[in-house]
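Structure assessment
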Amino acid sequence: MLNADQLGEFVASRHQRDLFRLETRDVLNVPQDAGRLERYLNGEPGPGHRPWADVIRGQVARGQITRRVLALSEPLTDYRRCSIEWGYLDNVAAGEHCRVVNRPSAPGLGTQDFWLIDRRLVVLMHYDDEGRFVGAEPVDDEQDVGHWAAIADLAWDSGIDLAIWWDAHQQYWREFYVPTPRSE
């Protein structure tokens, strides 16, 4: 089982072409997010510079692709609203490809969060009941990887572009949210 630091190194050292992430949880309890949701709900401006966006820009410059699917339940939790507005939209602007799938209309996705690295390695993400990260489990068995790759394909093919989805769901925007202009 990998801890958070080991997970980052594991993924970065093995990602060569295509990195896929499926997120199925409505709430995560991540230490680096402490206080962030409260600031978001209080109407404070976004966090500004985000190092993860720099990582994505570096991946794009090296020709690497990063894709993510958010399996969402509606109505969105405040955590999900914050993570989209203050995180994933910035990731998309940096070059990540992100889609949304409505969890109830996407049977077969399950509830397991995971990374799929170049369709040859899977890392299963484990959380406790409160959404705290417990550890990440690498899997390289060809049959298991094929199973998770099929779920990744289903999620990706069922999804809609995050920016399009967010624009169509303004009921989740904070009253002070100002959309960032996107280049076509």
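Okay, so let's go over this structure. No experiment lies behind these values; they were computed from the predicted model shown.

The rules we used
Residues numbered from 1 in each chain as written. Predicted model: local features only at pLDDT ≥ 70, side-chain atom pairs only at ≥ 80, totals over all residues. Heavy atoms only, no water. Helix = DSSP H or I, 4+ residues; strand = E, 2+ residues; numbered from the N terminus. Buried < 20%, exposed > 50% of the residue type's maximum accessible area, 1.4 Å probe, protein only. Polar contact = N/O pair within 3.5 Å; in protein donor to acceptor, adjacent residues only side chain to side chain. Contact = heavy atoms within 4.5 Å. Salt bridge = Lys/Arg side-chain N within 4 Å of Asp/Glu carboxyl O. Phe/Tyr/Trp six-rings, centres within 6.5 Å; stacked < 30°, edge-to-face > 60°. Lys NZ or Arg CZ within 6 Å of the ring centre and 35° of its normal. Expected span 1.5 Å × (residues − 1). Core = buried A, V, L, I, M, F, W, Y, C linked by side-chain atoms within 4.5 Å. Patch = residues over 30% accessible without salt bridge, like charges linked within 9 Å, V, L, I, M, F, W, Y side chains within 5 Å. Areas by Shrake-Rupley, 256 points an atom, 1.4 Å probe, with all protein chains shown as cover. Lys, Arg positive; Asp, Glu negative; His and termini not counted. Charge placed at Lys NZ, Arg CZ, Asp CG, Glu CD.

Within the fold, Ser-73 resides in the loop between β2 (65–72) and α4 (78–94). For Ser-73, a relative accessible area of 19% puts it in the buried group. Polar contacts involving the side chain of Ser-73 include one to the side chain of Arg-103, which spans 2.9 Å. Setting aside residues up to four positions removed in sequence, Ser-73 forms contacts with Asp-26 and Arg-103.

If you walk through the whole model with that rule in mind, you get 13 salt bridges. Between Arg-80 and Glu-23 there is a salt bridge, with its nearest N and O atoms 3.1 Å apart. With Arg-80 in helix α4 and Glu-23 in strand β1 (residues 18–23), the pair connects residues that are 57 residues apart, well separated along the chain. Using a relative accessible area of 1% as the deciding quantity, one classes Arg-80 as buried. Linking Arg-68 and Glu-96 is a salt bridge whose minimum nitrogen-to-oxygen distance equals 2.8 Å. Here Arg-68 is found in strand β2, whereas its partner Glu-96 is found in the loop between α4 and β3 (97–102), with 28 residues between them in sequence.

Quick look at unusual backbone geometry now. With an omega of 0 degrees, the peptide bond between Glu-74 and Pro-75 qualifies as cis. Mapped onto the secondary structure, Pro-75 falls in the loop between β2 and α4. Positive phi values are uncommon outside glycine, yet Asp-118 reaches one of about 50 degrees. Position of Asp-118 relative to the elements: it lies in the loop between β4 (114–117) and β5 (121–127).

Another point: the packing of aromatic side chains. Applying the stated criterion across every chain, the model contains six aromatic pairs. Considering the side-chain rings of Phe-20 and Phe-114, the 6.0 Å spacing of their centres and the 40 degrees angle between planes classify their relative orientation as tilted. Note that Phe-20 is positioned in strand β1 and Phe-114 in strand β4, a separation of 94 residues in sequence. Across the pair, Phe-114 and Phe-20 agree in class, each one buried. Ring centres of Tyr-40 and Trp-86 lie 5.4 Å apart, and the angle between their planes is 90 degrees; this geometry places the pair in the edge-to-face category. Taken together, the positions of Tyr-40 in helix α2 (residues 36–41) and Trp-86 in helix α4 put the pair 46 residues apart, joining distant regions of the chain. One aromatic cluster in this structure is built from Phe-20, Phe-114 and Trp-148. It is Arg-67 that lies over the ring of Trp-156; its NZ or CZ is 4.9 Å from the centre.

A separate point is the environment of His-126. As for its position among the elements, His-126 is in strand β5. Accessibility expressed as a relative area gives 22% for His-126, which makes it partly exposed. Ignoring any residue separated from it by four or fewer positions in sequence, one finds His-126 in contact with Met-1, Gln-112, Arg-132, Phe-133, Val-134, Gly-135 and Glu-137.

Another aspect to go through is helix α5 (residues 142–158). Because the α-helix completes a turn every 3.6 residues, residues three or four places apart line up on one side. Given a rise of 1.5 Å per residue, 17 residues ought to cover 24 Å, and the 24 Å separating the end C-alpha atoms of α5 matches this to within 8%. In this structure, the buried residues of α5 make contact with β1, β2, β3, β4, β5 and β6 (133–139).

Glancing now at the nonpolar core. Ranked by size, the top nonpolar core spans 19 residues in total, and within it Phe-20, Leu-22, Val-69, Leu-109, Phe-114, Leu-116 and Val-122 carry the most contacts. For this core, the secondary structure elements donating two or more residues are β1, β2, β4, β5 and α5. Ignoring any residue separated from it by four or fewer positions in sequence, one finds Phe-114 in contact with Phe-20, Arg-21, Leu-22, Val-122, Val-123, Leu-124, Met-125, Trp-148, Ile-151 and Ala-152.

A contiguous patch of negative charge, built from Asp-140, Asp-141, Glu-142 and Asp-144, is present on the exposed surface. Assignment of secondary structure puts Asp-140 in the loop between β6 and α5. Of the residues examined, Asp-140 reaches a relative accessible area of 60% and is grouped as exposed.

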